[in-house]
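# Chains, contacts and geometry: an overview
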Amino acid sequence: MARIIGALTSSHIPSIGNAISNGKQEDAYWKPFFDGYKPVLEWLDREQPDVAIVLYNDHGLNFFLNNLPTFAVGAAAEYITKDEGWGLPVFPPYKGYPEMSWHVIESLIEQEFDIAMCQEMAMDHAFINPMRLFWPNENPPKIKTIPVAINTVQFPLPRPARCYALGKAIGNAVASWPTDEKVVVIGTGGMSHQLDGERAGFINKKFDEMCMQALLNDPEKLTQYSALELVREAGAQGAEIIMWLAARGALQGRVSKIHSSYHIPISNTAAGVLALANN
Ligand code: DHB
Ligand code: FE
């Protein structure tokens, strides 16, 4: 049976991709940020997961306002990458895992998550940057991927409680996959940030710290917020924390912290990484 060994959650700020491409990891501005990933990379090196289920939010590259599913699961053999305007390099496609994707899709539908199913999907910075952060020496990495897109672009957004339940349902799906494989769940986005409007530049460190703590030992606390309350507390784009909550939902064992790091600012955003083991 497949086993979820942990959840890794990370910011996906576009400028990270250019910093990696330009080798800026040791620059004064970037060093505290990239150093925050080192213990997570050591854990990944030890664990060698086979599959990454990546909960991310498309930013208008693959889906647009005319056609926008709330939840969408990839079932492709590979996922192309594109630059949606940040000047990011385009990479060879990421490896898919259609057999496990269809199993997850069937299991989600049985659990009454009527998701969209996608046999073609293009990945934007929200998928690519965390993958490059976690697999810095391979591009694309050997790991098989299953992208799961959650709408954070057009209101109404899904309720945080629903995202957490989606994560639980994904956990059930993986637990019923017959062969022995190690799965890591990745949630991308956050932490607090607002890129536009009167509150552009808004960051809420206290709220971010509360989220990090709750994700470790009291995730239900975050399910009490509405999507709009998350916008109020974390900024319009800080609502991306729902992907972290969904990833946490997939952990069904005893959860312990591998590592966390928090750094302000990268771009206009509070950058965070949290790695949780599922024992
Ligand atoms: C930034 C952050 C995001 O989450 C995003 O999707 C785009 C830009 C930023 O901080 O620049
Ligand atoms: Fe984003």
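This text goes with the structure placed above it.
Please read all numbers here as calculations on a predicted model, not as lab measurements. Residue positions are counted from 1 within each chain, in the order its sequence is given. Starting at A for chains and at 1 for ligands, labels are handed out in the order in which the entities are written. Note on the predicted model: pLDDT of at least 70 is required for a residue's local features to be given, and 80 or more for side-chain atom pairs to be given and counted; whole-chain, interface and lining totals, by contrast, use all residues. Side-chain measures were taken over the full set of non-hydrogen atoms in the model, leaving aside hydrogen atoms and water.

Looking now at the overall build of the protein. Strands are runs of DSSP state E lasting at least two residues, helices are runs of H or I lasting at least four, and both sets are numbered from the N terminus onward. From N to C terminus, the protein includes nine helices and 11 strands. We take the radius of gyration over the C-alpha atoms and set the globule estimate at 2.2 Å times the residue count to the 0.38 power. Computed over its C-alpha atoms, the radius of gyration of the protein comes to 17 Å, within 12% of the 19 Å expected for a compact globule of 279 residues. With the C-alpha coordinates of the protein rotated into their principal frame, the extents come out at 45 × 40 × 40 Å. In the protein, buried positions account for 56% of the 279 residues. Every residue pair with non-hydrogen atoms within 4.5 Å of one another is taken to be in contact. For the protein, long-range pairs separated by at least 24 residues make up 81% of all intrachain contacts whose partners lie at least 6 apart in sequence. His is not counted here, nor are the chain ends, while Lys and Arg score as positive and Asp and Glu score as negative. Where a charge sits is defined by one atom per residue type, namely NZ (Lys), CZ (Arg), CG (Asp) or CD (Glu). Between the mean site of the 22 positive side-chain charges and the mean site of the 30 negative ones, the protein shows a separation of 7 Å. The buried label goes to any residue with under 20% of its type's maximum accessible area, the exposed label to any with over 50%, and the partly exposed label to all in between, with areas taken from a 1.4 Å probe on protein chains only.

Strand pairing is assigned whenever DSSP identifies at least 2 bridges connecting the two strands. Taken in spatial order, the three strands of this open sheet run E5-E4-E7, and their pairing is mixed. Across the chains shown, the open sheet's two edge strands, defined by having one partner strand only, are strand E5 (94–95) and strand E7 (122–123). With two bridges joining them, strand E4 (residues 78–81) and E7 adopt parallel strand pairing. Each bridged residue has a counterpart across the sheet, and for Thr81 the counterpart in E7 is Met123.

Our next topic: the sheet that holds strand E6 (residues 116–118). Within the open sheet, the eight strands sit side by side as E6-E3-E8-E2-E9-E1-E11-E10. Their pairing is mixed. Here the strands that pair on one side only, and so sit at the sheet edges, are E6 and strand E10 (255–266). Averaged over all adjacent pairs, the angle separating strand axes in this sheet is 15°, with direction ignored. For strand E3 (residues 71–74) and strand E8 (residues 144–150), the ladder comprises three bridges, and the chain directions are antiparallel. Within E8, the residue paired with Ala72 across the bridge is Ala149. Fitted lines through C-alpha atoms serve as axes, helices being fitted only where they are in contact, and the angles separating the N-to-C directions of these axes extend from 0 to 180 degrees. The sheet contacts of helix H3 (residues 38–47) involve strand E1 (3–10), strand E9 (182–188), E10 and strand E11 (269–278), and relative to E1 the element is tilted by about 160°. Sitting on the sheet, helix H9 (residues 241–249) touches E1, strand E2 (51–56), E8, E9, E10 and E11, and the angle it makes with E9 is about 160°.

Strand direction decides the pairing type here: E10 and E11, joined by nine bridges, are antiparallel. Following the sheet pairing, Tyr262 is matched in E11 by Gly272.

Here we take up the packing of helix H4 (residues 98–110) against helix H6 (residues 160–175). When two helices pack together, their arrangement is given by the angle between the helix axes and by the axis-to-axis distance. Two elements in contact, H4 and H6, have axes whose closest approach is 9 Å; the angle formed by their N-to-C orientations is 125°. Compared by their axis directions, H4 and H6 come out oblique. Crossing of H4 over H6 shows right-handed handedness. Each of His103, Val104, Ser107 and Leu108 in H4 lies in contact with H6, whose residues at this interface are Leu166, Ala169, Ile170 and Ala173. Residue composition of the contact of H4 with H6, grouped by class: six nonpolar, two polar and no charged. Any angle between 65 and 115 degrees counts as roughly perpendicular, while under 35 counts as roughly parallel, over 145 as roughly antiparallel, and the rest as oblique. Note: crossing handedness is left-handed where the near helix turns anticlockwise from the far helix by less than a right angle, and right-handed where it turns clockwise. Polar here means any residue other than Ala, Val, Leu, Ile, Met, Phe, Trp, Tyr, Cys and Pro, which are nonpolar, and Asp, Glu, Lys and Arg, which are charged; Gly is therefore polar.

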